[in-house]
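Structural description and commentary
So you can see what is in the structure, the chains are spelled out below.
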Amino acid sequence: MMVKVLLFTILCYQSCAEIIQTQTDHMCELILDTKILFIPANETWSSSEDPCVVYKCLKTFENENKIEIEKIECNITCPEDYVYKNSTKDCCGSCYATFCMLDDVKHKIGSIWKSDNNCTVNECVYNSDEPYVTSYKKSCPKINSCELESIEVKDCCPYCNSMKSMRKNLPLINEVKLTNRDKYRLHPCLRECVEGQELTCYYEFVVENFQTMSKACYNCPSNMTDCYKPHCIPADGMMRSITVVNRMMPGPNIEVCVNDTIIVDVKNHLMSEGTSIHWHGLHQRNTPYMDGVPQITQCAIPVGQIFRYTFRADNSGTHFWHSHLGMQRGDGVYGAIIVRKAEELNENLYDYDLSDHILITIDWTHLPATSIFTSHHHSGGSNKPPNILINGRGKYFGNLSLAITNNDEMVPTTTESFEEFETTFNIENVEETTTESINQDEHQEVINRSSRSISGAPAPVQPPEKLGNPSQESILVPFEVFNVVKGFRYRFRHINAGFLNCPIQLSIDNHTITVISSDGNALEPVEATFLTTYAGERWDFIVNANQEVGNYFIRARGGMDCDERFTSAFQMAVLHYQGAPEEDPKEKPSYDMKREGLALNSLNTGSGQETSITAAELKSYEKKENKILKPEPDYKFFISYDFYGKDNPLFHVENLYGFNQVEIGRIYTPQLNHITMQMPAKPAMLAKGLLDSTFCNESSLLSQGINCREVFCHCTHVLQVPLNAVVEMILVDEGFTYDANHMFHLHGNYFNVIGMDRLGTNVTIQEVKELDRMGRLRRKLIDSPQKDTVTVPDGGYTIIRFYTDNPGMWFLHCHIDFHAEVGMAMMLKIGDYSEMPSPPKNFPTCFDVSSDEDREKRSNSNSLKFSIFLLFIQVLLY
Ligand SMILES: [Cu+2]
């Protein structure tokens, strides 16, 4: 392993020493680092600091002593599967095996495998340079509430076969008191899926105004168990009014098997507004009236009324339900719909797919969302979410989180240390604590910075209190905990229910994640460190519990309006290994992220990057027929958007407080093809042809001589396409105003994401059309991933394609509620009315209530501002 090289004699090697030849016959004398050393004749000596330098005392022919110095060079080449390691004592190291041998099979260090009918878990570990196999019996998750006869064994672990329980007549669901998430695990439809065994699954949703930290929370969070009491919604410990279903947030999980029939009776117990529920990700084939979009597929459910949704769960995957009215989703009306099937693609990659591993994030404000909406749009109030919740809970550090990054000492590391924390860090007066924390001026600067728009457009100064000082409770509220057992792999199902512009970057300390599905469609697995998700998206990933038994942070970091320029919003949950202490990880909760690694679906990032992968670059694993493959689509639409400085009469009144008249509270309007969507006066699916004369789009308006770049266009934006066509949409974020990001959700259909790129900080629609004409918009048709919600990079484009085989009126919109609500939306009319299913018998209507439009018609029947005689579709043929 070593080669000796004679360096030189007598001379000093490096800066080592002064060498003195002795007068005696027996010794060489050497001064090394001020120490005098005697080396006996014909012997060697080496320094502990550099064992590779060897001093040798030699006798010369003249019988004099001299010192020869040798430098040893080590051979560091090792055989395959061995790795060279330096020695701490000797000059040269050794080659060490990087694998364990068990039954003549090599296993890499760190790998985990099962044997003995999956009952034994083996791991190749490393200790004192020797890899060895450690084995332990698989420990199984506990089974709650299962009758003895229904317990079966699979993969060495007992599980509850609910189908068996079903046959034994579990209590009817409305007889079970469904007061919190755990109770929904008793629902008979949550079961092992068996092909051909479909059920009808009934749920009752009561939508009502409620409150976080209500009296149902008793002494939460000082008494932690109180935070889990029925109807206790701790959120982040900050009191506010909310809107929720069944006094839960997130609301009840609907977990069914593919082709089950879902029946949900939605009771509107709100005080003063309608409601409706959209089943996001489910396509409502043959049931377009159940899509839950007020004014498109139904009338909003009036106060005090019940509406019954009935539809088939015909596409499997991780989906979610949420209110599609106003800001109700942001106030708490959201929950998971998980549709499983007997054989899942990628199921060989994980051991468990449990209700416990549904992970829903939402951006969170401390005032009701409508209040934030009106304050932002009418008086320049902040639209930046100060916090994020994971499964409806989390801590809130508020302004403290800005200071935490400045002073590492002043952070509570466990939920118990609040008092200690409080004594060193005055919560009420952040700036007075120490010289290292931010002072009053800096604090004001942080606040000012927080409210400044990036584009430099005037933005009002946000009063500090609006960021919200955390209450004592807000730091004590327990983090959400996800339990795992070392040696197993878990399918996590993530839903981003966000309503503002706060993309979430997820990561798990010490772990990577393997992404296997998005929006209900299987993907070729990709192992990544970070996953960014946008409002309305769902991503499934596998977490391999292969680290030391312990507690690790699952981190959700906000981007865009939640990033360090504004609120630095973040939240944590805990990945808890069985056997680890019941406590939070030792790391400090912080917005900071020092980790590096592959990032998936990153914010405003184009394709072809080394460290990130866009959604368009993922590969579909689905085995369905891909109907979009033809080189040229049948219909191609360019949809461009930006924020425009127009006198939008919803927020500005010319000559009173016009866009150019005011400095504070000036609102830029997001529009699709320069049109603000006006929701139809009557639900379009029900009114059928009655409304067609009010529909508009870019070409119909142009044909009337209306240039929407100059005037404010506000009409029912509709694109019409026939059945069985391939439609391509090129979504372009021109990105001149603000450095923003929008994500689009299409109802009723999947689309293939066939291209995505960022061309610069901004781009015009003309430039994109020109690139397309020259064939320079990259498209990947084969194996392109299917989704229903996708981001568009700012200053770039996303190309989607879909096949029109689901007739109906389908909403296409930005999934940021503040944008959709001000008209960043349009409707797709797929097929003719005659091809759409008829509404269910006795389907409620609201036609007898007159609308603004009816009134306008009566008073001015000949001059409807943007009326169009017939709607023709602009087809851009190439
Ligand atoms: Cu948007």
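Residues numbered from 1 in each chain as written. Predicted model: local features only at pLDDT ≥ 70, side-chain atom pairs only at ≥ 80, totals over all residues. Heavy atoms only, no water.

In the annotation of an unreviewed UniProt entry, the protein chain is listed under the name CLUMA_CG015286, isoform A and assigned to Clunio marinus. As its UniProt record puts it under Sequence similarities (unreviewed entry), the protein chain is described as follows: "Belongs to the multicopper oxidase family." (UniProt positions renumbered as here; feature names shortened; annotations may be inferred.)

Here seven strands make up an open sheet; going across it, the order is β27-β35-β34-β29-β32-β36-β37 and the pairing mixed. Each of the sheet's edge strands pairs with one partner strand only, and the pair in question is β27 (480-484) and β37 (612-613). As paired elements, strand β32 (residues 530-533) and strand β36 (residues 599-600) share two bridges and run parallel to each other. By the bridge assignment, Leu-531 is partnered in β36 with Leu-600. (Pairing = 2+ DSSP bridges. Helix = DSSP H or I, 4+ residues; strand = E, 2+ residues; numbered from the N terminus.)

Okay, a negative patch on the surface next. A contiguous patch of negative charge on the surface is contributed by Glu-195, Glu-198, Glu-343 and Glu-347. Residue placement: Glu-195 occurs in the loop between α1 (162-167) and β17 (200-211). (Patch = residues over 30% accessible without salt bridge, like charges linked within 9 Å, V, L, I, M, F, W, Y side chains within 5 Å. Areas by Shrake-Rupley, 256 points an atom, 1.4 Å probe, with all protein chains shown as cover. Salt bridge = Lys/Arg side-chain N within 4 Å of Asp/Glu carboxyl O. Lys, Arg positive; Asp, Glu negative; His and termini not counted. Charge placed at Lys NZ, Arg CZ, Asp CG, Glu CD.)

All told, the structure shown has 40 salt bridges when counted by the stated rule. One salt bridge in this structure joins Asp-265 and Arg-308, with 2.7 Å as the shortest N-O distance. Linking Asp-265 in strand β20 (residues 261-268) with Arg-308 in strand β22 (residues 306-312), this pair joins segments that are 43 residues apart in sequence. Classification of Asp-265 as buried rests on a relative accessible area of 9%. (Buried < 20%, exposed > 50% of the residue type's maximum accessible area, 1.4 Å probe, protein only.)

Moving on: the environment of Arg-557. With respect to the secondary-structure elements, Arg-557 resides in strand β34 (residues 551-558). Each residue touching Arg-557, except ones within four places of it in the same chain, is listed here: Ile-388, Pro-503, Ile-504, Gln-505, Ala-569, Phe-570, Tyr-591, Asp-592 and Met-593. There is a polar contact of 2.7 Å between the side chain of Arg-557 and the backbone oxygen of Tyr-591. (Contact = heavy atoms within 4.5 Å. Polar contact = N/O pair within 3.5 Å; in protein donor to acceptor, adjacent residues only side chain to side chain.)

A general tendency of soluble globular proteins is for nonpolar side chains to be buried together. Grouped together as the largest cluster of nonpolar side chains are 46 residues, with contacts concentrated most on Tyr-203, Ile-254 and Trp-279. Here this core spans two domains, and each of domain 3 (171-343) and domain 5 (680-704 + 717-859) adds at least three residues to it. Not counting the four nearest positions on each side in its chain, Tyr-203 is found in contact with Tyr-184, His-187, Cys-189, Asn-253, Ile-254, Glu-255, Val-256, Ile-262, Ile-263, Val-264 and Asp-265. Counting 43 residues, the second largest nonpolar core, distinct from the first, contains Ala-616, Ala-725, Val-727 and Leu-746. (Core = buried A, V, L, I, M, F, W, Y, C linked by side-chain atoms within 4.5 Å. Domains from an automatic or database assignment.)

A separate point is helix α2 (residues 369-379). Taken together, the buried positions of α2 are Ala-369, Ile-372, Phe-373, His-376 and His-377. Buried positions in α2, seen along its axis, are confined to an arc of 115° and lie on one side of it. On its buried face, α2 sits against α10 (817-820). A positive phi of about 70° marks Gly-380, the residue just after α2. (Arc of directions from axis to C-beta.)

Burial analysis of strand β23 (residues 317-323) places seven of its seven residues in the buried class, which makes it a mostly covered element. Residues Gly-317, His-319, Trp-321 and Ser-323 point to one face of β23 and Thr-318, Phe-320 and His-322 to the other, with burial holding for every one of them. Taken together, the four bridges between strand β21 (residues 277-280) and β23 define a ladder with antiparallel strand orientation. In the strand pairing of β23, His-280 is matched with Phe-320.

Taken together, the protein donors to the copper ion comprise His-742 (ND1), Cys-814 (SG) and His-819 (ND1), at separations of 2.0 to 2.1 Å. Along the chain, the residues that donate to the copper ion are spaced as H-x71-C-x4-H. One end of the pair, His-742, is in strand β44 (residues 742-746); the other, Cys-814, is in strand β49 (residues 808-814), and 72 residues separate them in sequence. The exposure class assigned to His-742 is buried, which follows from its relative accessible area of 1%. (Donors = N, O, S within 2.8 Å, 3.2 Å for Na, K, Ca; no water.)

With the rule as written, the count across this model stands at twelve disulfides. Bridging Cys-52 to Cys-91, the disulfide has an S-S length of 1.8 Å. Here the S-S torsion is close to 100°, and the disulfide linking Cys-52 with Cys-91 is therefore right-handed. Taken together, the residues span a long stretch of sequence, with Cys-52 in the loop between β5 (44-46) and β6 (53-59) and Cys-91 in the loop between β8 (82-85) and β9 (94-97) at a distance of 39 residues. Each member of the pair, Cys-52 as well as Cys-91, is classed as buried. Put simply, Cys-78 and Cys-95 are joined by a disulfide, and their sulfur atoms are 2.0 Å apart. With the S-S bond torsion at -85°, the cross-link from Cys-78 to Cys-95 turns out left-handed. Pair noted here: Cys-78 is in the loop between β7 (65-74) and β8 and Cys-95 is in strand β9, with a separation of 17 residues, a long-range link. (Disulfide = S-S within 2.5 Å.)

A few words now on unusual backbone geometry. That bond from Cys-220 to Pro-221 is cis: its omega, 5°, falls within 30 degrees of zero. A cis amide bond links Met-249 with the next residue in sequence, Pro-250, at an omega value of -5°. If you trace the backbone, Pro-250 turns up in the loop between β18 (241-245) and β19 (254-257). The backbone phi angle of Asn-724 is positive, close to 60°, even though this residue is not glycine. On the secondary structure map, Asn-724 appears in the loop between β42 (713-721) and β43 (726-733). For Asp-783, which is not a glycine, the phi torsion comes out positive at approximately 60°. Mapped onto the secondary structure, Asp-783 falls in the loop between α9 (765-773) and β46 (786-787). Assessed through its relative accessible area of 36%, Asp-783 is described here as partly exposed.

Confidence in the prediction for the protein chain averages 83 pLDDT; 81% of positions are at 70 or higher. Here residues 163-177 is modelled with pLDDT under 50, and outside its nearest four sequence neighbours on either side it reaches 22 contacts, counting other chains as well. Under a pLDDT of 50 for its full length, residues 402-467 has, in the predicted model, 107 contacts with residues more than four places off or in other chains. (pLDDT = per-residue confidence, 0-100.)

Moving on: the layout of surface pockets. Considering only enclosed or pocket space, the second largest pocket measures out at about 750 Å³ in volume. In terms of lining, the second largest pocket is formed by 33 residues, of which the most central are Asn-315, Asn-521, Lys-624, Tyr-750 and Gln-786. Where the lining of the second largest pocket is concerned, the elements lending two or more residues are β30 (513-518), β31 (521-528), β45 (751-758) and β48 (796-803). Counted by class, the lining of the second largest pocket contains nine nonpolar, twelve polar and twelve charged residues. (1 Å grid on protein atoms, 1.4 Å probe; cavity = no way out; pocket = protein on both sides within 12 Å on 5 of 7 lines; lining within 4 Å. Points joined across faces, edges and corners; volume = space filled by probe spheres on them. Nonpolar A, V, L, I, M, F, W, Y, C, P; charged D, E, K, R; others polar.)

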